[in-house]
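# Remarks on the overall topology
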Amino acid sequence: MAIENMMNWKIISGGMGVGVSSPRLANVVSKMGGLGTLSGVAADRWLARMLQHGDPDGKIRAALSHFPFRETAKRIIDTFFVDGGLAENQAYKVLPVFTFKTPKILIDLTVCANFVLVMLAKEACASPVNINYLEKIQLPHVYSFAGAMLAGVDYITMGAGIPIQVPGILDSLAEGKPACYRINVDGRTEPAVQKFDLAEHFKEEIPKLKRPGFFPIISSNLLADLFMTKSSGSIEGFIVELPTAGGHNAAPRGKFPLNENGEPVYGPKDVIDFEKIAKHNKPFWIGGSYASPSHIKYAQSLGANGVQVGTIFALSEESGILKVYKDQIRKLAFNNQLIVKTDLLASPTGFPFKVIQLPGTLSEAAVYDARTRICNQGFLTTPYERPDGIIGFRCASERFDQFVRKGGKIEETAERRCLCNGLIAGSEMTNPGEPPILTLGDDTSFLKHLMKHEDDTYTAADAMNYLLSEETPA
Ligand SMILES: Cc1cc2nc3c(=O)[nH]c(=O)nc-3n(C[C@H](O)[C@H](O)[C@H](O)COP(=O)(O)O)c2cc1C
């Protein structure tokens with residue numbers, strides 16, 4: 001049977017970083033007939049911190065016991081596991097950042113972390129599981145793909161850039177060849193290459209890896225055409241994401257006006273021609289305020305297999321958003337008081353980013369101003385060529401003077417938030433001393449079907465049951 005004929009999910013749970021699309025969330029969605037998605041973004045931080053939280057149910061260590069390279073798994077546990085969890089005043093182990101000379105411990109941690117995420121999502125689940133990455137965060141990819149594939153990941157979704165080289169890299173890994181990722185470097189015409197040879201790195205025999213299906217996340221039918229003609233290997237379908245979706249969004253095309261809140265206004269040039277996408281005869285799913293039974297039907301009437309939904313799962317019990325924030329957000333949204341701003345400046349990537357306006361978080365000017373700028377996670381840095389020819393890394397959210405010293409323009413730094421630290425702080429990884437930043441999609445109207453009162457909560461299974469139901473008026 002062609003792989004495409006099997007992809008009949010009406011619902012894909014969106015990949016939500018950092019740590020929001022947790023293994024337990026993906027597990028429920030896949031078990032209930034959807035395609036459950038993990039966030040693979042900053043997976044290394046996730047694994048290190050979960051082990052330092054003491055891995056209370058032992059599941060992470062159990063998953064690591066299946067990692068094919070035993071010595072490595074043992075070293076990761078020996079390095080990071082803290083029996084009973086860190087005491088409140090104990091600091092997390094400081095992790096290095098990715099560069100072109102990434103330390104072995106970070107490579108091992110990344111491969112193991114992606115392996116563990118997939119293993120946990122597949123627990124007692126015979127259905128496929130998906131993992132999501134952001135193209136923009138390029139340096140960890142070769143290690144992340146390898147780790148997820150070692151655990152038999154079934155699909156990979158990827159947006160925030162044009163991941164045209166990824167299908168070919170997945171082919172290489174499945175053929176037992178090294179993975180080579182071409183990394184854009186500011187100031188150079190030729191990309192630099194990040195190479196990873198699993199066999200050479202682990203110095204052991206590599207099991208045969210299954211090639212996962214690949215779904216690029218696109219925001220226009222032109223991008224669908226591009227993938228159909230230029231992709232480096234097969235793609236199995238598309239996720240079509242509208243600008244109301246949570247997380248990063250594509251900017252409007254060309255020059256665009258702003259509304260009274262300073263948010264971008266999308267116009268006729270941004271309208272997606274779904275007929276043109278359907279003509280490619282690939283399955284596709286539509287994401288962005290489509291979390292209702294009637295939207296699933298509507299998406300199908302446009303030729304889609306179904307929808308990709310994020311916000312509805314982000315607010316469910318199983319998501320990795322820290323409970324203290326999730327409870328507040330659900331309550332505000334239930335009372336129609338939640339404000340989510342499409343912020344043009346918050347993300348150092350330059351992409352618009354949806355920011356929840358919540359007291360005590362980086363959405364508040366005072367909290368932003370009070371934070372000492374520091375770049376110590378490094379996922380969103382841009383590689384650039386230094387005058388001495390060496391590749392350096394800079395981020396518009398790092399210290400102003402450092403960014404400028406590295407050749408960055410001061411005007412690029414205004415209002416930039418540290419998404420790396422902020423998103424980790426808003427997740428169950430926790431990030432002492434760092435204020436959180438939280439993101440969500442524009443639409444939370446589904447809550448009236450899932451909550452009876454403002455302090456009510458719901459599970460991912462409740463969300464699945466609602467989405468798969470015949471909608472009744474609330
Ligand atoms: C909290 C949150 C984090 C997100 N992070 C990512 C991400 O890391 N990568 C990605 O491709 N999409 C991300 N998204 C988008 C979702 O995968 C999904 O496409 C989107 O949420 C669908 O729209 P909806 O939120 O209206 O349901 C995120 C969405 C949310 C709500």
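Since this is a predicted model, take the numbers as computed values, not measurements.

The next thing to look at is the overall build of the protein chain. Within the protein chain one finds 18 helices and 14 strands. Scaling as 2.2 N^0.38, a compact globule of 474 residues should have a C-alpha radius of gyration of about 23 Å, and the protein chain matches this with 21 Å. Its C-alpha atoms put the protein chain at 60 × 55 × 50 Å along the principal axes. With 474 residues in all, the protein chain has 50% of them scored as buried.

Right, let's get into the site of the ligand. In the region of the ligand, 29 residues are neighbours, and Gly14, Gly246, Gly247, Gly310 and Gly441 sit closest. Those elements that place two or more of their residues in the shell around the ligand are β3 (129-134), β10 (306-309) and α12 (311-314). Of the residues assigned to the shell around the ligand, the class counts are 10 nonpolar, 17 polar and 2 charged.

Moving on: the nonpolar core. Leu47, Cys112, Val116, Val118 and Ala146 are the most contacted members of the largest nonpolar core, which has 129 residues in total. The dominant element in this core, judged by the number of residues it contributes, is helix α5 (residues 104-121), at 12 residues. The contact partners of Leu47, leaving out residues within four places of it in the chain, are Leu109, Cys112, Ala113 and Val116.

With that out of the way, let us pick up the sheet that holds strand β4 (residues 155-159). The 8 strands are arranged β1-β10-β9-β8-β7-β4-β3-β2 in an open sheet whose pairing can be described as parallel. Looking at strand neighbours, the two that pair on one side only are β1 (11-13) and β2 (36-39), the edges of this open sheet. On average, each strand axis in the sheet is inclined to that of its neighbour by 25°, with strand direction left out of account. As judged from the 4 bridges shared by β2 and β3, these two strands associate in the parallel manner. Its bridge partner being in β3, Thr37 is matched across the sheet by Asn130.

The first and last C-alpha atoms of α5 sit 26 Å apart over 18 residues, in line with the 26 Å expected at 1.5 Å per residue. Where burial is concerned, most of α5 is hidden: 15 out of the 18 residues are buried.

Quick look at the pairing of strand β14 (residues 391-394) now. Sheet topology note: the strand β13 (residues 382-385)/β14 ladder contains 4 bridges and is antiparallel. The residue bridging Tyr384 from the neighbouring strand is Gly392, located in β14. Here β13 folds back onto β14 in antiparallel fashion, the turn holding 5 residues, of which Gly389 has a positive phi close to 90°.

This part is about the environment of Lys122. Relative to the assigned elements, Lys122 resides in the loop between α5 and β3. Along the backbone, Lys122 and Asp225 are 103 residues apart, and their C-alpha atoms lie at a distance of 33 Å.

Let's shift gears to the pairing of strand β8 (residues 238-241). In β8, alternate side chains face the same way, and those of Phe238 and Val240 on one face and Ile239 and Glu241 on the other are all buried. Once the chain exits strand β7 (residues 213-218) it traverses helix α9 (residues 221-230) before rejoining the sheet at β8, and the crossover so formed is right-handed. As defined by bridge partners, β8 adjoins strand β9 (residues 284-287) across 4 bridges and the pair is classed as parallel. Each residue of the ladder has a partner; that of Phe238, found in β9, is Phe284.

Moving on, we come to helix α18 (residues 460-467). Taken as a whole, α18 has its buried residues at Ala460, Ala463, Met464 and Leu467. Relative to the axis of α18, the buried residues are bounded by an arc of 100° and lie together on one face. Contacts from the buried residues of α18 go to β1, α1 (23-31), α11 (293-301), α12 and α17 (447-450).

This part takes up the environment of Phe214. Take Phe214: it is sitting in strand β7. Among all residues touching Phe214, those that are not within four sequence positions of it are Ile156, Val166, Pro167, Leu170, Ile235 and Glu236.

At their nearest, the axes of helix α4 (residues 70-80) and α5 sit 10 Å apart, and the two run at 100° to each other. Classified by the angle their axes make, α4 and α5 are roughly perpendicular. Contacts between α4 and α5 pair Thr72, Ala73, Arg75 and Ile76 from the former with Asp108, Leu109 and Cys112 from the latter. Its residues assigned to classes, the contact of α4 with α5 shows 4 nonpolar, 1 polar and 2 charged.

It is at 7 Å that the axes of α5 and helix α6 (residues 141-150) come closest, and there the two elements cross at 40°. Judged by the angle between their axes, α5 and α6 are oblique. In this structure, α5 crosses over α6, and the sense of that crossing is right-handed. Note on element contacts: α6 touches α5 through Tyr143, Ser144, Ala146, Gly147, Ala148 and Leu150, opposite Ile107, Thr110, Val111, Cys112, Ala113, Asn114, Phe115 and Val118. Looking at the contact of α5 with α6, its residues break down into 10 nonpolar, 4 polar and no charged.

Before going further, it helps to examine the environment of Cys375. For Cys375, the location among the structural elements is in the loop between α14 (365-370) and β13. According to the C-beta neighbour criterion, Cys375 is buried, with 22 such atoms within 10 Å. Taking the C-alpha atoms as reference points, Cys375 and Cys420, separated by 45 residues in sequence, lie 8.5 Å from one another. In this view, Cys375 contacts Thr381, Cys395, Ser397 and Glu398; residues no more than four positions away in its chain are not counted.

This part covers unusual backbone geometry. The omega angle of the peptide bond from Gly17 to Val18 is 0°, so this bond is cis rather than trans. Of note in the backbone geometry, Asp55 takes a positive phi value of approximately 40° without being a glycine. When you line up the elements, Asp55 lands in the loop between α2 (43-52) and α3 (59-64). Looking at Asp55, the number of C-beta atoms within 10 Å reads 21, which means it is buried. Positive phi outside glycine occurs at Ala160, with the angle close to 55°. Along the polypeptide, Ala160 turns up in the loop between β4 and α7 (166-174).

Thresholds, definitions, all that
- Residues numbered from 1 in each chain as written.
- Predicted model: local features only at pLDDT ≥ 70, side-chain atom pairs only at ≥ 80, totals over all residues.
- Helix = DSSP H or I, 4+ residues; strand = E, 2+ residues; numbered from the N terminus.
- Rg over C-alpha atoms; globule rule 2.2 N^0.38 Å.
- Buried ≥ 20, exposed ≤ 12 C-beta atoms within 10 Å, placed from the backbone.
- Near = placed C-beta within 6 Å.
- Nonpolar A, V, L, I, M, F, W, Y, C, P; charged D, E, K, R; others polar.
- Core = buried A, V, L, I, M, F, W, Y, C linked by C-beta atoms within 7 Å.
- Contact = placed C-beta atoms within 7 Å.
- Pairing = 2+ DSSP bridges.
- Axes fitted to C-alpha atoms, helices over the stretch in contact; angles between N-to-C directions.
- Expected span 1.5 Å × (residues − 1).
- Right-handed = clockwise from strand over helix to strand, strands pointing away.
- Arc of directions from axis to C-beta.
- Parallel < 35°, antiparallel > 145°, perpendicular 65-115°, else oblique.
- Left-handed = near helix turned anticlockwise from the far one by under 90°.

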